[in-house]
Amino acid sequence: MLSALSMPLYLWHKLAELPAAWLGDRFGLPVDAGLPGEPGFWTGRLWWIVLCSLLVVPVITLVVAFEMRRKQGVVTTSRPRIILAGGFSLMAGLVVSLALGALPAP
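What counts as what
- Residues numbered from 1 in each chain as written.
- Predicted model: local features only at pLDDT ≥ 70, side-chain atom pairs only at ≥ 80, totals over all residues.
- Heavy atoms only, no water.
- Helix = DSSP H or I, 4+ residues; strand = E, 2+ residues; numbered from the N terminus.
- Rg over C-alpha atoms; globule rule 2.2 N^0.38 Å.
- Buried < 20%, exposed > 50% of the residue type's maximum accessible area, 1.4 Å probe, protein only.
- Contact = heavy atoms within 4.5 Å.
- Areas by Shrake-Rupley, 256 points an atom, 1.4 Å probe, with all protein chains shown as cover.
- Core = buried A, V, L, I, M, F, W, Y, C linked by side-chain atoms within 4.5 Å.
- Expected span 1.5 Å × (residues − 1).
- Bend = angle between axes of the 7 residues up to and from the residue.
- Phe/Tyr/Trp six-rings, centres within 6.5 Å; stacked < 30°, edge-to-face > 60°.

**Q** Explain the overall build of the protein chain residue by residue, including any values.
**A** Secondary structure summary: the protein chain contains three helices and zero strands in total. For the protein chain, the N- to C-terminal ordering of α and β elements is α-α-α. The C-alpha atoms of the protein chain give 20 Å as radius of gyration, which overshoots the globular expectation for 106 residues (13 Å, by more than 25%). Dimensions along the principal axes, computed over C-alpha positions, put the protein chain at roughly 60 × 40 × 25 Å. Here the protein chain holds 106 residues, and the buried ones make up 14% of them. Considering only residue pairs separated by 6 or more positions, the protein chain has 53% of its internal contacts joining residues 24 or more positions apart. Of the accessible surface of the protein chain, which amounts to about 9000 Å², a share of 72% is contributed by carbon and sulfur atoms.

As structure tokens, this is what we get:
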């Protein structure tokens, strides 16, 4: 079960992380308590994990419900025109993103 949830969790966790940061700031919780070793760091991490967990559970529940209802078979093709169209579309999206200012980062 955990293995099946690992990819949706990885892909959708940011949807829960940003509201968790907002809630932590709104309620004055020490979610950004400084560097490791400073007072309150582990308290901040604990609040951060609690908020993220509370907000990611409904998101993952919805994603899993959707995934269980969708068609399991994935349509494939071996037609070169369709494969090339997909590759060019992906490349065009990357070029447009870079042209708009998105920069690769570590």
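**Q** Please set out the nonpolar core residue by residue, giving values where relevant.
**A** Counting five residues, the largest nonpolar core consists of Ala 20, Leu 23, Val 31, Leu 51 and Cys 52. Sorting the residues of this core by element identifies helix H1 (2-26) and helix H2 (41-69) as the ones contributing at least two each. Aside from chain neighbours lying at most four places away, what touches Leu 51 is Ala 20, Leu 23, Gly 24, Leu 29 and Val 31.

**Q** How would you sum up H2? Please name residues and give values.
**A** Between its terminal C-alpha atoms H2 stretches 42 Å, which fits the 42 Å expected from 29 residues at 1.5 Å a residue. When the local axis directions of H2 are compared, the greatest deviation, roughly 25 degrees, occurs at Val 56, which is followed within four positions by the proline Pro 58. Listed as buried for H2 are Phe 41, Gly 44, Leu 51, Cys 52, Val 56, Val 59, Ile 60 and Val 63.

**Q** An account of the packing of aromatic side chains is requested, with residue identities and associated values reported.
**A** All told, the structure shown has one aromatic pair when counted by the stated rule. A ring pair is formed by Phe 41 and Trp 42, whose centres lie 5.0 Å apart and whose planes are at 80 degrees; its orientation type is edge-to-face. Overall, Trp 42 belongs to the exposed group, its relative accessible area being 67%.

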